[in-house]
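# Examining the three-dimensional arrangement
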Amino acid sequence: MCGGIAAYKAVEVCRGLVDAGAFVSPVMTRGATRFVGTVTFSALASEPVRITLWDEPEPIPHTRLGQSADLIVVVPATARLIGSYAAGISSDLLTATLLATRAPVLLCPAMHTEMWEHPAVVDNMARLRQRGVHVVEPVAGRLAGGDVGSGRLADPADIVAAAVAILSVPADLAGIEAPATPGPVAVPGDLAGVTALVTAGGTREPIDPVRYVGNRSSGKQGYAIAAELAARGARIILISTVELAVSRGIEIVRVETAAEMEAAVLARAGQAEVIVMAAAVADFRPKEIAPHKLKKGAGPPEVVLEPTPDILAGLGARRRPGQVLVGFAAETASGESAEGDLRSYAHQKLKTKGADLIVANDVAAPGVGFAHDTNAVLIVGADGYEAEIPLASKAEIATAVVDAIARTRHDRTRDMRPATNEEQP
Ligand code: CTP
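Residues numbered from 1 in each chain as written. Predicted model: local features only at pLDDT ≥ 70, side-chain atom pairs only at ≥ 80, totals over all residues. Heavy atoms only, no water.

### A few points about the overall build of the protein chain
- Helix and strand counts for the protein chain come out as 15 helices and 17 strands.
- For the protein chain, with 425 residues in total, the buried portion stands at 49%.
- Here the analysis covers contacts within the protein chain between residues at least 6 apart in sequence; of these, 64% occur between residues at least 24 apart.
- Total accessible area on the protein chain is roughly 20,600 Å²; 54% of this is exposed by carbon and sulfur atoms. (Helix = DSSP H or I, 4+ residues; strand = E, 2+ residues; numbered from the N terminus. Buried < 20%, exposed > 50% of the residue type's maximum accessible area, 1.4 Å probe, protein only. Contact = heavy atoms within 4.5 Å. Areas by Shrake-Rupley, 256 points an atom, 1.4 Å probe, with all protein chains shown as cover.)

### Some thoughts on the environment of Ala230
- Its place among the elements puts Ala230 in helix 11 (residues 220–231).
- The spatial distance from the C-alpha of Ala230 to the C-alpha of Ile250 is 7.6 Å, given a sequence separation of 20 residues.

### Some words on the pattern of salt bridges
- Tallied over the full model, the rule gives 19 salt bridges.
- The residue Glu47 makes a salt bridge to Arg50 at a minimum N-O spacing of 3.5 Å. As far as the burial class goes, Glu47 and Arg50 line up, both buried.
- A salt bridge links Asp310 to Lys353, with the shortest nitrogen-to-oxygen separation between them at 2.8 Å. Pair noted here: Asp310 is in the loop between strand 13 (305–307) and helix 13 (311–317) and Lys353 is in helix 14 (residues 338–353), with a separation of 43 residues, a long-range link.
- Relative accessible area serves as the criterion here: at 17%, Lys353 is assigned to the buried category.
- Salt bridges sharing partners connect three or more residues here, namely Asp190, Glu228, Arg232 and Asp403. (Salt bridge = Lys/Arg side-chain N within 4 Å of Asp/Glu carboxyl O.)

### Notes on the sheet that holds strand 9 (residues 235–240)
- Sheet architecture is open: 8 strands sit in the order 10-9-6-11-14-15-16-17, paired in mixed fashion. Sheet topology places strand 10 (251–254) and strand 17 (386–393) at the edges, where each strand pairs with a single neighbour. If you compare each strand with its neighbour and ignore which way they point, the axes differ by 15° on average.
- Of the pairings in the sheet, the one linking strand 6 (residues 195–200) to strand 9 comprises 6 bridges and is parallel in character. (Pairing = 2+ DSSP bridges. Axes fitted to C-alpha atoms, helices over the stretch in contact; angles between N-to-C directions.)

### Notes on the site of the ligand
- Around the ligand lies a shell of 14 residues, among which Met277, Ala279, Asp283, Phe328 and Lys349 are the nearest.
- Within the side chain of Thr308, a nitrogen or oxygen atom sits 3.2 Å from a nitrogen atom of the ligand.
- Between Pro309 and the ligand, the recorded distance is 2.9 Å, taken from a backbone N or O atom to a nitrogen atom.
- In the complex, 74% of the free accessible area of the ligand, which totals 570 Å², lies under the protein chains.
- Among the residues forming the shell around the ligand, the class breakdown is 8 nonpolar, 2 polar and 4 charged. (Near = heavy atom within 4 Å. Polar contact = N/O pair within 3.5 Å; in protein donor to acceptor, adjacent residues only side chain to side chain. Nonpolar A, V, L, I, M, F, W, Y, C, P; charged D, E, K, R; others polar.)

### Focus: the nonpolar core
- Membership of the largest hydrophobic core comes to 36 residues, with the highest contact counts inside it found for Leu229, Ile236, Leu238, Val276, Ile379, Ile389 and Ile405.
- A per-element tally of this core places helix 15 (residues 394–416) first, with 8 residues.
- Core analysis: the second largest hydrophobic core is formed by 31 residues, Ala7, Val13, Leu106 and Leu153 among them. (Core = buried A, V, L, I, M, F, W, Y, C linked by side-chain atoms within 4.5 Å.)

### Some remarks on the pairing of strand 11 (residues 274–277)
- Burial along strand 11 is two-sided: the residues Val274 and Val276 and Ile275 and Met277 are all buried.
- Of the pairings in the sheet, the one linking strand 6 to strand 11 comprises 4 bridges and is parallel in character. Considered in strand 11, the bridge of Ala196 is made with Val274.
- Relative to strand 14 (residues 324–331), strand 11 runs parallel, the two sharing 4 bridges. Paired with Val276 across the bridge in strand 14 is Val326.

### Describing the sheet that holds strand 2 (residues 105–109)
- Taken in spatial order, the 3 strands of this open sheet run 1-2-3, and their pairing is parallel. The sheet is open, and its two edges are formed by strand 1 (72–77) and strand 3 (134–135), each paired on a single side.

### A look at the pairing of strand 14
- In terms of burial, strand 14 is a largely internal element, 6 of the 8 residues being buried.
- Direction of pairing for strand 14 relative to strand 15 (residues 357–362): parallel, over a ladder of 6 bridges. Residue pairing for strand 15: Gly327 is matched across the bridge by Ile358.

### Re the side chain of Glu205
- In this fold, Glu205 is placed in strand 7 (residues 205–206).
- Despite its burial, Glu205 remains without a salt bridge, the nearest opposite charge being carried by Arg285 at 5.3 Å.
- Apart from residues lying up to four places away in sequence, Glu205 is in contact with Tyr212, Val213, Thr257, Ala258, Ala282, Phe284, Arg285 and Pro286. (Lys, Arg positive; Asp, Glu negative; His and termini not counted.)

### Structural notes on the environment of Pro321
- Among the secondary structure elements, Pro321 is positioned in the loop between helix 13 and strand 14.
- Taking the C-alpha atoms as reference points, Pro321 and Glu273, 48 residues apart in sequence, are found 8.9 Å from one another.

### Quick look at unusual backbone geometry
- Residue Pro76 follows Val75 across a cis peptide bond; omega there is -5°.
- Examined against the element boundaries, Pro76 turns out to sit in strand 1.

### Some words on the packing of helix 1 (residues 7–19) against helix 9 (residues 156–166)
- Direction vectors running N to C along helix 1 and helix 9 enclose 40°, while the axes themselves pass 9 Å from each other. Classed by the angle they form, the pair helix 1 and helix 9 counts as oblique. In this structure, the crossing between helix 1 and helix 9 has a hand that is right-handed. Packed against helix 1, whose contacting residues are Lys9, Glu12, Val13, Gly16 and Leu17, the element helix 9 presents Pro156, Ile159, Val160 and Ala163 at the interface.
- Classifying every residue of the contact of helix 1 with helix 9 by side-chain character gives 6 nonpolar, 1 polar and 2 charged. (Parallel < 35°, antiparallel > 145°, perpendicular 65-115°, else oblique. Left-handed = near helix turned anticlockwise from the far one by under 90°.)

Take a look at the structure:
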């Protein structure tokens, strides 16, 4: 906790975290103690409040706190704290702990609008976001002194939900409403500064104003991948046909048809270092869309289909240098050599689509693919990479997919580096 009027709301956050099953170690700045009493936090957390580096029985409290934490939540984060943390300056126990941790950090800023919008604070926040720090953005509302504007601390329930999501605790276990971000944080910040474009859901191709040709995709796997990429620091543009819960900061573009998805993807592909085509894009669409509802009395309509543009193959044909392109292959590869089928389909798709990675699944297998919360996939790379993930949650599959993306990016950067003497044979 830092010193700001919103410190009183940190009481609610502390209680929410304890209720969700967290073990909370309260650390306050001297300023925070002017707004809320230490006894409140020590009673809620059943832990003594720590304030300074000096009057502890243990000589180096910051390193113990930093090393033992699974997550550090700063609420409220003041302009001073944000500035010190961005600059790497440790002036008290809180800033020293932030520098002495490798755990994910969640900042919950709160300050007057003028301070929140000051270029120094804006720059510091951008720097921290680049480093993979998680942020629960302040909201607009009443501020200290009766002013109204942006900079008001987010709702304590949203802060607790964000903390739970970062730690990837299932919401029902934590006893809270489903958090916005379901993805786990495997390697916080390893994709900081990367822009990733993800597509999700199945496209709907209209026959008339009320009917469409569609598929069974729920969008859950695409959303899980977007959440995992975001948790690892990437900026996300999610182009989706469905609306599921997402964490703040994920930009969502709603589309319906393959043509709309293609337009949305192509307009943004140039910004993206990573593109994941998790959407089930219809391969064919009705050639003509009836302007009025087709009436039953007119007898069964003849629906003539025409091919849709292959978005992934188009991206593969004109990708920007260094871009990592990931496609999906939903197959029904059952039979005696189902696995062999799946592998050969996946390798075929690597070539036809010009992708770096193909994530293939056998949607006929039990618990796999559409509408399930689980999936089982084979990930193959154009560089010979292969990983087989047996039945697992879609969040776990997302981790494996993002690991493969991070690895491809890493290998590519290494290949692009000039060889040093050590690396020469
Ligand atoms: N895809 C796409 N545009 C399309 C169709 C598919 O971008 N019009 C993308 C999907 O998002 C997915 C991958 O291509 O990443 C899977 O394609 P799929 O439709 O399964 O393969 P096909 O090319 O249709 O091959 P087949 O029908 O032989 O399986």
